[in-house]
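Structural overview
Read off the chains here:
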Amino acid sequence: MAENITFRTQLIGGVAEFCHSSELPILSDTLNLVELIVKLARYQEEGVKLCPKVYITNDIEKIRTLLPGGETLKIGNSSADGDGIKESLKKCAPLATEGWLLYIQNNADGIEYGLFRGSESPISVLVDDVLMTPEEDLNLVKVFQVADECVEVRANNGEYHYIFLDHRKENANAPLHYLNDLVSKICESVAPAHKEATTSFLKKLLFESLRQSHGCLIAVTNMKRAPKFLSEDGVILDEPINFPHLIGSLKKNDVPPSYLESKASLLKGMLNSDGILLFDSSAKLLGYNCFIKPSKKDNVIGGARKRAFSTLKGKVGNGLRAVFMQSQDGWSDFFGGQND
């Protein structure tokens, strides 16, 4: 007789200790978290792929006080079990976009579910920088699909796991493992007065943009102008988009938030174009749709993006400061040295 082989038992055992340390009653049954992980790994509604960020908590009111300028919207109540979690996803996942996040509050007699968000200001502190740190009387677990077949589970007590539902090896890096490295190189030469806000803004913008991208290449130069090997075959902006200057202007109320947001939408569009997106190390967006001829010396197995990434790596230290690649399925690579 055939015997079924599944990862279910291993997954239950793998997150059991995490569930116990979360101190959330709904996760005392480890299967509830397992079902949520599996569902989010490939979640769809009406044939549309959705990637809601789910926050399970014991106190949504506490979260509200920690996010001044934010909003909450209660949607409904249900049972504190797998069926209740599925109901919350069904009702809220299609709405959990454009900054809205899905919450599940664990009450004594069931769950309350709905949506919340932080401040709408484009230069506000990242929600996770506020919430995912130890806070007295607040228990919080975030569950989120980082890339195809990869789900992140993270608690505000510092524990976290990346759950791979495909053939990835146990020591594989998380899909956007190199995002902080990339943003650090982009903001390396930004003036101290605007460095923190620019870093936070670009980290949030690139995270969301890369989640929606079908793969991309991003290069960072430490030159004042675009290197010749990229400028000859690409769109180089006559006036670069200077994000630190825009952020400084927004702080002084010289421009409305919509002005910065409109430039952010341009970056998203550029990321979805063919070719290489080019920043300098003072967070100016110099150009996009740039191309480079692969080196004949590179013996790289893979598509055009991987071959171009290999060639760009050879330019680091000779016109480039760093280079980042994201594949079509959301996994990334980076070259430029570790950050100091």
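The text that follows walks through the structure, step by step, so that each part is easy to find. (Residues numbered from 1 in each chain as written. Predicted model: local features only at pLDDT ≥ 70, side-chain atom pairs only at ≥ 80, totals over all residues. Heavy atoms only, no water.)

What to know about the sheet that holds strand β5 (residues 101-107)
The condition that has to hold: Think of it this way: DSSP has to see at least two bridges between two strands before they count as a pair. Each helix is a run of H or I in the DSSP string that is no shorter than four residues. Each strand is a run of E no shorter than two, and both are numbered from the N terminus. The angle between two axes is taken between their N-to-C directions and runs from 0 to 180 degrees, where each axis is a line fitted to C-alpha atoms and a helix contributes only its stretch in contact. By the convention used here, residues are in contact when the closest approach between their heavy atoms is within 4.5 Å.
As summarised here, the arrangement of the seven strands in space is β4-β6-β5-β3-β7-β8-β9, forming an open sheet in which the pairing is mixed. Each end of this open sheet is capped by a strand with a single partner; those strands are β4 (71-78) and β9 (160-164). The average angle at which neighbouring strand axes cross in this sheet is 20°, direction not considered. Both β5 and strand β6 (residues 110-117) contribute to a ladder of seven bridges, which runs antiparallel. When the sheet's bridge partners are listed, Tyr103 is paired in β6 with Gly114. Sheet strands touched by helix α1 (residues 8-22): β7 (140-147), β8 (150-155) and β9. Its angle to β9, the strand with the most contacts, is close to 155°.

So, the side chain of Ser88
Along the chain, Ser88 falls in helix α4 (residues 82-92). Excluding residues that lie within four positions of it along the chain, Ser88 makes contacts with Ala93, Leu102, Ile104 and Tyr113.

Structural notes on unusual backbone geometry
The test is simple: For each residue, the accessible area found with a 1.4 Å probe, counting protein chains only, is set against the maximum for its type, and the residue is called buried under 20%, exposed over 50%, and partly exposed in between.
Unlike most non-glycine residues, Glu149 shows phi in positive territory, near 65°. As for its position among the elements, Glu149 is in the loop between β7 and β8. One non-glycine residue, Ala283, lies in positive phi territory at about 65°. If you trace the backbone, Ala283 turns up in the loop between β12 (276-280) and β13 (284-290). Relative accessible area serves as the criterion here: at 0%, Ala283 is assigned to the buried category.

Remarks on the packing of helix α9 (residues 243-251) against helix α10 (residues 257-271)
Using the following cut-off: For classification purposes, angles smaller than 35 degrees are called roughly parallel, those larger than 145 roughly antiparallel, those between 65 and 115 roughly perpendicular, and all remaining angles oblique. Crossings are assigned a handedness: left-handed for a near helix turned anticlockwise from the far helix by less than a right angle, right-handed for a clockwise turn. Amino acids are sorted into nonpolar (Ala, Val, Leu, Ile, Met, Phe, Trp, Tyr, Cys and Pro), charged (Asp, Glu, Lys and Arg) and polar (every other residue, Gly among them).
The N-to-C vectors of α9 and α10 enclose an angle of 160°; their axes lie 9 Å apart at closest approach. With respect to α10, the axis of α9 lies roughly antiparallel. The chirality of how α9 crosses α10 is left-handed. The residues of α10 that touch α9, namely those facing Phe243, Leu246, Ile247 and Leu250, are Pro257, Tyr259, Leu260, Lys263 and Leu267. Considered class by class, the residues forming the contact of α9 with α10 number eight nonpolar, no polar and one charged.

With respect to the environment of Gly114
Here Gly114 shows up in strand β6. For the pair Gly114 and Lys91, spaced 23 residues apart in sequence, the C-alpha to C-alpha distance is 8.4 Å. Ignoring sequence-local partners within four residues, the contact set of Gly114 consists of Leu73, Lys74, Ile75, Cys92, Leu101, Leu102 and Tyr103.

With respect to the environment of Phe18
Mapped onto the elements of the fold, Phe18 is located in helix α1. Taking the relative accessible area as the measure of exposure, Phe18 reaches 1% and is therefore buried. Sequence spacing of Phe18 and Gly287 is 269 residues, and the spatial spacing of their C-alpha atoms is 44 Å. If near-sequence neighbours (up to four positions away) are discounted, Phe18 is found in contact with Leu33, Val141, Val153, Arg154, Ala155, Glu159, Tyr160 and His161.

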